[in-house]
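# Close look at the chain arrangement
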Amino acid sequence: MATPLTAARLVAALKAEGCAVHEVAGWRTNNRNHVGPWGPVHGVMIHHTVTGPGTDVVGLIYRGHSALPGPLATGCITKDGVVHLTGNGRANHAGGGDRDVLNAVIGESYGTYPPATHEHDGSAGSVDGNARFYGWECENKGDGKDPWPPAQYLAMVKATAAVCRAHGWGRKSTIGHLEWSDWKVDPRGFDMADFRRDVADALALPAGRWKGEDPMPEYVNLGVTRPYPLRPGAWDSVEFATEWADESGDHASGGSVFVRGPARFTGTVSLHLEGLPAGAVVQARMSEYQGDELRSDHPLHEIVGTVGGTFAVVPLTKRLASGRGMRVRLLNQAAVPVTVASAVLTALVWEEP
């Protein structure tokens, strides 16, 4: 519980943490304080914007839209890593949520994740999150496929750490919108437990530094040598037999593991599938292995067939523990064989101690 930061203190905290800050004209008086309380505040909430290229995403978060007036968050963090401040006070970002989640955040008393939410905006037992949370709207389509560039993800961590540091909070004062409301799915494309660990890394060091921030990350660029069949009904690890770059040295020749822990990584795998019937699905996921033993699967991405060949870009963002190797696996759910015409993986890897 805390009194909200003044505009000047928020700007100072963000800059001290190393954030690139853009103060949108009028943001210091842009709020919804006239419709309800602002504070006491208890934490920071992370969102995705559900916007694509060509959208004036900062203007949208500042002004809102016909169904929901702005500001829609404290700030908008764009893909280039800039924190655009859009509101100073109450903002229409959190809506109603679960009191058990709020109490767990206030006490920072939960484990890896807050208790499951059973409330949403307008439900009988919901509590007002707009009064209690700062909000970062982060530019992303929210389809689980749009990647999170390293500069943006780092800015999200730093901006969150800046607010937590200013209030004396720990990492568990940070939640995703999906952890607050059972109607919501954001943010998609990374795991909030990993995000909280990164915030904790930032808070463990002096302001402006972060263990994961390395000016020279290692570059990995892999591909398949030739098209190969993907038969129906079984998970298949992509064998990256072409190696254009592997600065981390973690990809064995012709192997499927593209990174080994302990490490953080972010990137994409671009897939071209032939023969996938329109409307049929190939699923893609990251899977953790210890040696040749499968240990953990990560969320699915569904690739839906289109006429004339199917193309997809699957985001790869994760933190990997020591002894684990990460693979990309595909499952053909069509009734016919599909050809993986090409698969190109590009990633930046930060080794961890």
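Our subject is the structure that appears above.
Residues numbered from 1 in each chain as written. Predicted model: local features only at pLDDT ≥ 70, side-chain atom pairs only at ≥ 80, totals over all residues. Heavy atoms only, no water.

On to the environment of Glu139, then. By secondary structure assignment, the location of Glu139 is in the loop between strand S9 (133-138) and helix H4 (150-167). Judged by its relative accessible area of 16%, Glu139 is buried. Put simply, Glu139 and Gly81 are 58 residues apart on the chain and 9.8 Å apart in space, counted from C-alpha to C-alpha. Aside from chain neighbours lying at most four places away, what touches Glu139 is Thr49, Thr51, Val57, Ile77, Thr78, Lys79, Trp148 and Gln152. Only 3.0 Å separates the side chain of Glu139 from the backbone nitrogen of Lys79, close enough to count as a polar contact. (Helix = DSSP H or I, 4+ residues; strand = E, 2+ residues; numbered from the N terminus. Buried < 20%, exposed > 50% of the residue type's maximum accessible area, 1.4 Å probe, protein only. Contact = heavy atoms within 4.5 Å. Polar contact = N/O pair within 3.5 Å; in protein donor to acceptor, adjacent residues only side chain to side chain.)

The subject of this paragraph is the packing of H4 against helix H5 (residues 192-203). Running from N to C, H4 and H5 point in directions that differ by 60 degrees, and their axes come no closer than 9 Å. Put simply, H4 runs oblique to H5. Classified by chirality, the crossing of H5 by H4 is right-handed. Residues Tyr153, Met156, Val157, Thr160, Ala161, Cys164 and Arg165 of H4 form the contact with H5, whose participating residues are Asp194, Phe195, Asp198, Val199, Ala202 and Leu203. Residues of the contact of H4 with H5, tallied by class, amount to nine nonpolar, one polar and three charged. (Axes fitted to C-alpha atoms, helices over the stretch in contact; angles between N-to-C directions. Parallel < 35°, antiparallel > 145°, perpendicular 65-115°, else oblique. Left-handed = near helix turned anticlockwise from the far one by under 90°. Nonpolar A, V, L, I, M, F, W, Y, C, P; charged D, E, K, R; others polar.)

Membership of the largest hydrophobic core comes to 35 residues, with the highest contact counts inside it found for Leu14, Ile46, Trp136 and Phe195. Mapped by element, the contributors of at least two residues to this core are helix H1 (7-16), strand S2 (43-48), strand S6 (82-85), S9, H4 and H5. Looking at which element gives the most residues to this core, the answer is H4, with nine residues. Among the nonpolar cores identified, the runner-up in size contains 34 residues, and Leu273, Ala284, Ala312 and Leu330 belong to it. (Core = buried A, V, L, I, M, F, W, Y, C linked by side-chain atoms within 4.5 Å.)

To continue, consider the sheet that holds strand S5 (residues 75-77). Sheet architecture is open: six strands sit in the order S1-S6-S5-S9-S2-S10, paired in mixed fashion. Sheet topology places strand S1 (20-23) and strand S10 (174-176) at the edges, where each strand pairs with a single neighbour. For this sheet, the mean angle separating the axes of adjacent strands, direction not counted, is 25 degrees. Direction of pairing for S2 relative to S9: parallel, over a ladder of six bridges. Its bridge partner lying in S9, Met45 is registered against Gly135. (Pairing = 2+ DSSP bridges.)

In the structure shown here, the tally under the stated rule is eight aromatic pairs. Centroid distance Trp38 to Tyr134: 5.5 Å. Interplanar angle 90 degrees. Geometry classified as edge-to-face. Note that Trp38 is positioned in the loop between S1 and S2 and Tyr134 in strand S9, a separation of 96 residues in sequence. We note that Trp38, like Tyr134, is buried. By the ring-pair criterion, three or more aromatic residues cluster together here, those being Trp148, Tyr153, Phe190 and Phe195. If you follow Lys172 out to its NZ or CZ, it ends over the ring of Tyr110, 5.4 Å from the centre. Directly above the ring of Tyr289 sits Arg327, whose terminal nitrogen or CZ lies 3.9 Å from the centroid. (Phe/Tyr/Trp six-rings, centres within 6.5 Å; stacked < 30°, edge-to-face > 60°. Lys NZ or Arg CZ within 6 Å of the ring centre and 35° of its normal.)

Turning our attention to the pattern of salt bridges. Any two side chains of opposite charge can pair, given that their charged atoms come close. Across all of its chains, the model carries 17 salt bridges by this definition. Notably, a salt bridge pairs Asp194 with Arg197, separated by 2.2 Å at the nearest N-O pair. Taken together, the residues span about one helical turn, with Asp194 and Arg197 both in helix H5 at a distance of three residues. According to the relative accessible area criterion, Asp194 is buried, its value standing at 5%. The class for Arg197 is partly exposed, based on a relative accessible area of 36%. One salt bridge in this structure joins Asp198 and Arg319, with 3.6 Å as the shortest N-O distance. Here Asp198 is found in helix H5, whereas its partner Arg319 is found in strand S20 (residues 310-320), with 121 residues between them in sequence. Accessibility expressed as a relative area gives 2% for Asp198, which makes it buried. Several salt bridges share partner residues, and in doing so they unite Asp198, Asp201, Arg264 and Arg319 into one network. (Salt bridge = Lys/Arg side-chain N within 4 Å of Asp/Glu carboxyl O.)

Of all six residues making up strand S11 (residues 218-223), five are buried, and the element is well covered by its neighbours. Judged from the six bridges that link them, S11 and strand S22 (residues 338-351) form a sheet pairing that is antiparallel. Its bridge partner being in S22, Leu222 is matched across the sheet by Leu345. Here four bridges tie S11 to strand S14 (residues 242-246), and the two strands are oriented antiparallel to one another. Counted as the bridge partner of Val220 is Asp246 from S14.

Within the sequence span of H1, burial applies to Ala7, Leu10, Val11, Ala13 and Leu14. Projection of H1 onto a plane perpendicular to its axis shows the buried side chains occupying an angular sector of 165 degrees, all on one side. Of the surrounding elements, those touching the buried residues of H1 are S1, S6, S9 and H4. Following H1 by one or two positions, Gly18 adopts a phi angle in the positive range, close to 95 degrees. (Arc of directions from axis to C-beta.)

These results come straight from atomic positions and should not be treated as a statement about function.
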